[in-house]
There are 4 protein chains.
Amino acid sequence: MAWANQYRRSDESRRAILDAALAQCREVGYESVSIEAVARRAGAGKQTIYRWWPSKGVLLLDAVVSLGSDSESFPDTGDVVADLTAQMTRAARTMSSPTIGPVLFGLLGAAHHDTALAERLDRDLLGPRREACVARLRAARERGELAADVDETLLMEQLYGLLYYRSLVIRKPPTSAYVRRHVAGLLGGHAGRPRARRKD
Amino acid sequence: MAWANQYRRSDESRRAILDAALAQCREVGYESVSIEAVARRAGAGKQTIYRWWPSKGVLLLDAVVSLGSDSESFPDTGDVVADLTAQMTRAARTMSSPTIGPVLFGLLGAAHHDTALAERLDRDLLGPRREACVARLRAARERGELAADVDETLLMEQLYGLLYYRSLVIRKPPTSAYVRRHVAGLLGGHAGRPRARRKD
Amino acid sequence: MAWANQYRRSDESRRAILDAALAQCREVGYESVSIEAVARRAGAGKQTIYRWWPSKGVLLLDAVVSLGSDSESFPDTGDVVADLTAQMTRAARTMSSPTIGPVLFGLLGAAHHDTALAERLDRDLLGPRREACVARLRAARERGELAADVDETLLMEQLYGLLYYRSLVIRKPPTSAYVRRHVAGLLGGHAGRPRARRKD
Amino acid sequence: MAWANQYRRSDESRRAILDAALAQCREVGYESVSIEAVARRAGAGKQTIYRWWPSKGVLLLDAVVSLGSDSESFPDTGDVVADLTAQMTRAARTMSSPTIGPVLFGLLGAAHHDTALAERLDRDLLGPRREACVARLRAARERGELAADVDETLLMEQLYGLLYYRSLVIRKPPTSAYVRRHVAGLLGGHAGRPRARRKD
DNA sequence: CATTAAACGAGACGGTACGTCTCGTCTTTGC
DNA sequence: GCAAAGACGAGACGTACCGTCTCGTTTAATG
């Protein structure tokens, strides 16, 4: 995090603002979050928010990033299917958490009309996870766990796609069993040498 | 459409309002659409909007539904892969259209805190497409084009998942070639008897 | 008054706003009157104030004019000294009233940097009283109560001058005895034919 | 000047602040002067202003007092009419100067709700001039230039009254000819022994 | 037909929030 | 070791919309 800025005076107020923003979003929904209400709730002046964050979107992005939940690094135990299932399950849980879910989906919508927000969203939140997933898939392919001709990017997007579809579009977060079938089905179709060690 | 209400006086004004709402959304983004501006743009009184629509979300949902683009019925030529590819490509195009995209993604976000909107969104827009897709997959399975143990719902969600992931999350709509590989890959993994007639 | 505007909807709210403005000014002083507080106190929306009054100054001017105290017409009993003494005493009382005083002095100050306010102030409040005074003095001169070469404008300004000096500059409103001596002294210096009928 | 305080560190910054305050008042009007803007303009820290002046009013009073224009001492050539005319003309010029006028009128208004300011205003600015005027009139009476029963205080207030009336209320500063007629008229009405040496 | 009830455009109303500015206090930093 | 710079909580500025509420004016359907 580029934060812990040496020019900022009160780190206490920064935390209060981020927490208030998250709480507000959880309670009233992304669209109804107002800087006014966040300031009131945080016991901060509005100017303090406007001084450090250019928009509601960036504020909420920072707030969610500052939580640091849902580590972006993928486990690598040597078993792709297991590793991906674990990570996807974790991601699904994060997306459907009442604190992070509303923020995330609000940000995704807002990013469509706010270029600056879109960039920061990719840089700070989405990009790293995407790349970590692709990297994990590549490692598996190089070890022969996946077919040599597999398209890791497409695979990654299919993997994440269902998660977003269930959490965002359908608003029915997948059970972990469902995630397991999802991952196994997708990777099974591209199995490499020993047809994967797992039996699903 | 339940519309074409016999109590409504001016169908002209209804169209003007829906068009104004879509235009406004395309120009300023979902969140910044205001009833005030829509009324002004449509040359209508605010009360006329509030009389017929309970919220901005429902107004925009109606507006997008009234466009009727992206037919919900799936083609059935006997070739699942071809049919699904065609329909998915059409869906991808719709999602990334500058008129419909912003509305759709705004609605998806808003639905997270507006139950009434969520229901209408499912009923009028998402549900029918989902069911049509499942029905088409079921038909294919029954004809032996897909393995007997295939889970059509999961498959449908994987199919749509990528589209939403690319259009909504990544904001880089898939090319039709990409969609083709996506569909072929997914269905190929669950091929039935004659391993599908297509050679991809 | 050009008021009782046919485009205004709620005359009730107009009165509430004017009263709130006066009360506020009496309590916190002209400079500290805020539109925000007036609106809050009147139970009105800020926009309602901004819709009808261009500035705090004009609002307070309207408020004080709407009180209509301190009639602008001078009595004419045939005795200039008595008539002017009466009117000047009335004016002094008005200027030093806790409701009108602060408003008036605030307006006079503000008019120095607000041309529009200055014009309305002259038109609605100061001008008529000035002219009425000059007219009364002219009538006296024509009847021979005052010397034929008297300068009514200068005399009027001297008459009012002391009132403003005491009320505004010194902040010690003149007693009515003082006003009587003031008027008698000034007019005595310009006595006409019968050296005025009064013996003071 | 009671200033040139030995506790003050930088006299340079004091001057810069006073000048900035005057300039600001001339440009934007008394009411719109803000400590913030004065500090910015003077290149000073806000705290430096708050440290030495309790309020905007006192700051501006100090600023105008520090100019020292419009000497408070009345000339005494032996001719009251001439002396008072000279001093009143000087006072009128001061009041209508674009630098001092706005400050003075703002202070007079503010004094109505700021007791501390009112006292300092009287002590540092108004009182001395008033007393000097009364003293000059008393000297004239004692020399027989004015009638023995003249009320010097009333006369002084009439003399100054017109000046304030013209400068502050009417916003049309008197010409020097007008001031001459004003003074001559007032004093003529109370002439003592030799009907004054001047022939006006 | 005339009557009449409603839907219409317009926009005032009491409000909330916007993003900016200033208040007066408090803290840091650089000269 | 002080003063500039400026962050801070607070709250007013004037504007934009919210959703409700009259206003007169169409406009259709009825009696």
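Keep in mind it's a predicted model, so treat the numbers as computed, not measured. (Residues numbered from 1 in each chain as written. Chains lettered and ligands numbered in written order. Predicted model: local features only at pLDDT ≥ 70, side-chain atom pairs only at ≥ 80, totals over all residues. Heavy atoms only, no water.)

K.L.:
I would appreciate a short explanation of the domain arrangement of chain A in the present structure.
P.N.:
For an interface, size is often stated in terms of accessible area lost upon the parts coming together. All names here are of chain A. For chain A, the domain assignment lists domain 1 (2–55) and domain 2 (70–188). Facing the five residues of domain 1 at the interface are nine residues of domain 2. A buried area of about 640 Å², summed over both sides, lies between domain 1 and domain 2, and 67% of it is on carbon and sulfur atoms. The largest share of the area that domain 1 buries against domain 2 comes from Leu 22, Arg 26 and Tyr 30, three residues that together contribute 69% of it. Linking domain 1 to domain 2 there are zero salt bridges. (Domains from an automatic or database assignment. Contact = heavy atoms within 4.5 Å. Buried area = accessible area lost by both parts, 1.4 Å probe. Salt bridge = Lys/Arg side-chain N within 4 Å of Asp/Glu carboxyl O.)

K.L.:
I'm lost on the relation of the copies chain C and chain D in this one. Help?
P.N.:
For the match of chain C to chain D, the screw axis carries a shift of 0.1 Å, the RMSD comes to 0.1 Å, and the turn is 180°. Overall, the copies show the geometry of a two-fold rotation axis. Take the interface residues of chain C: 100% of them recur as interface residues in chain D, which is what a same-surface contact looks like. (Least-squares fit on C-alpha atoms with pLDDT ≥ 70 in both.)

K.L.:
I'm lost on the packing of aromatic side chains in this one. Help?
P.N.:
How two aromatic rings sit relative to each other is given by the distance of their centres and the angle of their planes. Going through the model one piece at a time under the given rule, you end up with eleven aromatic pairs over all chains. Where Tyr 160 of chain C meets Tyr 164 of chain C, the ring centres are 6.4 Å apart and the plane angle is 55°; that geometry is what we call tilted. Highlighted residues: Tyr 160 of chain C and Tyr 164 of chain C, both in helix α8 (residues 152–170), separated by four residues, approximately one helical turn. Under the relative-accessibility criterion, Tyr 160 of chain C is labelled buried at 6%. Residue classification places Tyr 164 of chain C among the buried positions, given a relative accessible area of 7%. An aromatic cluster is defined as three or more aromatic residues linked by ring pairs; in this entry it consists of Tyr 160 and Tyr 164 of chain A together with Tyr 165 of chain B. One cation-aromatic arrangement involves Lys 56 of chain A over Tyr 30 of chain A; the distance from NZ or CZ to the ring centre is 4.8 Å. Directly above the aromatic system of Tyr 178 of chain D lies the positively charged group of Arg 166 of chain D, at a separation of 4.7 Å from the ring centroid. (Phe/Tyr/Trp six-rings, centres within 6.5 Å; stacked < 30°, edge-to-face > 60°. Helix = DSSP H or I, 4+ residues; strand = E, 2+ residues; numbered from the N terminus. Buried < 20%, exposed > 50% of the residue type's maximum accessible area, 1.4 Å probe, protein only. Lys NZ or Arg CZ within 6 Å of the ring centre and 35° of its normal.)

K.L.:
Where do I start with the interface of chain C and chain D in this structure?
P.N.:
In this assembly, 41 residues from chain C lie in contact with 41 residues from chain D. Of the roughly 3,400 Å² buried where chain C meets chain D, counting both sides, 60% is carbon and sulfur surface. Our count for the chain C to chain D interface comes out at eight salt bridges. When the shortest N-O distance is used, the salt bridge between Asp 122 of chain D and Arg 171 of chain C registers 3.5 Å.

K.L.:
In this structure, what is going on with the UniProt feature "DNA-binding region" (unreviewed entry) in chain A? I would like to understand it.
P.N.:
Here, the residues flagged by UniProt with the feature "DNA-binding region" (unreviewed entry) are residues 34–53 of chain A. Split by type, residues 34–53 of chain A is 75% helix and 0% strand. Its first and last C-alpha atoms lie 13 Å apart. (UniProt positions renumbered as here; feature names shortened; annotations may be inferred.)

K.L.:
It is not clear to me how the nonpolar core should be interpreted in this structure. Could you clarify?
P.N.:
Burial of nonpolar side chains together is a common tendency in soluble globular proteins. By size, the foremost hydrophobic cluster in this structure holds 133 residues, and its most contacted members are Leu 108 and Tyr 160 of chain C together with Leu 108 and Tyr 160 of chain D. If near-sequence neighbours (up to four positions away) are discounted, Leu 108 of chain D is found in contact with Leu 168 and Val 169 of chain C together with Leu 121, Leu 126, Tyr 164 and Leu 168 of chain D. With 132 residues, the next largest nonpolar core counts Leu 121 and Val 150 of chain A together with Leu 104 and Ile 170 of chain B among its residues. (Core = buried A, V, L, I, M, F, W, Y, C linked by side-chain atoms within 4.5 Å.)

K.L.:
I tried to follow the relation of the copies chain B and chain A on my own but got confused; where do I start?
P.N.:
Two copies of one chain are present, and they are related through a rotation about an axis combined with an axial shift. Of the transformation superimposing chain B on chain A, the axial component is 0.1 Å and the angular component is 180°, with the fit at an RMSD of 0.1 Å. A share of 100% of the interface residues of chain B reappears at the interface of chain A, consistent with the copies meeting face to face through the same patch.

K.L.:
What's the story with the packing of helix α7 (residues 115–142) of chain C against α8 of chain C in this structure? I'm lost.
P.N.:
The description of two packed helices rests on the angle between their axes and on the distance between the axes. Residue and element names in this part refer to chain C. Between α7 and α8, the shortest axis-to-axis distance is 9 Å and the interhelical angle comes to 130°. Considered as vectors, α7 and α8 are oriented oblique to each other. For the pair α7 and α8, the sense of crossing is right-handed. For the pair formed by α7 and α8, the contact residues are Leu 126, Arg 129, Arg 130, Cys 133, Val 134, Leu 137, Arg 138 and Arg 141 on the first element and Glu 152, Thr 153, Leu 155, Met 156, Leu 159, Tyr 160 and Tyr 164 on the second. Of the residues belonging to the contact of α7 with α8, the class tally is nine nonpolar, one polar and five charged. (Axes fitted to C-alpha atoms, helices over the stretch in contact; angles between N-to-C directions. Parallel < 35°, antiparallel > 145°, perpendicular 65-115°, else oblique. Left-handed = near helix turned anticlockwise from the far one by under 90°. Nonpolar A, V, L, I, M, F, W, Y, C, P; charged D, E, K, R; others polar.)

K.L.:
Looking at this model, I keep getting lost on the interface of chain B and chain A. Mind explaining?
P.N.:
Across the boundary between the two partners, chain B contributes 41 residues, which contact 41 residues of chain A. Of the roughly 3,400 Å² buried between chain B and chain A on both sides combined, carbon and sulfur atoms contribute 60%. The interface formed by chain B and chain A contains eight salt bridges. A salt bridge links Glu 157 of chain A to Arg 166 of chain B; the shortest N-O distance between them is 3.0 Å. Where chain B touches chain A, the interface holds 18 residue pairs in polar contact (both at pLDDT 80 or more). When contributions to the side of chain B that touches chain A are tallied by element, the ones reaching two or more residues are α1 (11–28), α6 (100–110), α7 (115–142), α8 (152–170) and α9 (176–188) of chain B. With 15 residues, the top contributor of residues to the side of chain B that touches chain A is α8 of chain B. Residues of the side of chain B that touches chain A, tallied by class, amount to 22 nonpolar, eight polar and eleven charged. (Polar contact = N/O pair within 3.5 Å; in protein donor to acceptor, adjacent residues only side chain to side chain.)

K.L.:
Help me out: how do you make sense of unusual backbone geometry in this one?
P.N.:
Glycine aside, residues mostly have negative phi angles, and peptide bonds mostly take the trans form. One non-glycine residue with positive phi stands out, namely Arg 171 of chain A, at about 60°. Within the secondary structure, Arg 171 of chain A sits in the loop between α8 (152–170) and α9 (176–188).

K.L.:
Can you help me understand α8 of chain B in this one?
P.N.:
The α-helix advances 3.6 residues per turn, and as a result positions three or four apart in sequence lie on the same side. Residue and element names in this part refer to chain B. Under the 1.5 Å per step criterion, the end-to-end length of α8 is 26 Å for 19 residues, consistent within 8% with the ideal 27 Å. Of all bends in α8, the biggest is about 30°, found at Tyr 164. Counting buried positions over the 19 residues of α8 gives 18, a clear majority of the element. Immediately beyond the C-terminal end of α8, within one or two residues, lies Arg 171, with a positive phi of roughly 60°. (Expected span 1.5 Å × (residues − 1). Bend = angle between axes of the 7 residues up to and from the residue.)

K.L.:
I would appreciate a short explanation of helix α5 (residues 80–96) of chain C in the present structure.
P.N.:
Residue and element names in this part refer to chain C. Helix length check: α5 (17 residues) gives 24 Å between terminal C-alpha atoms against 24 Å at 1.5 Å per residue, within 8%. Turning to α5, its buried residues are Val 80, Val 81, Asp 83, Leu 84, Thr 85, Gln 87, Met 88, Thr 89, Ala 91, Ala 92, Thr 94 and Met 95. Those residues of α5 hidden inside the fold are in contact with α6 (100–110), α7, α8 and α9 (176–188). Where α5 begins, the side chain of Asp 79 points an oxygen toward the backbone nitrogen of Val 81, at a separation of 3.2 Å.

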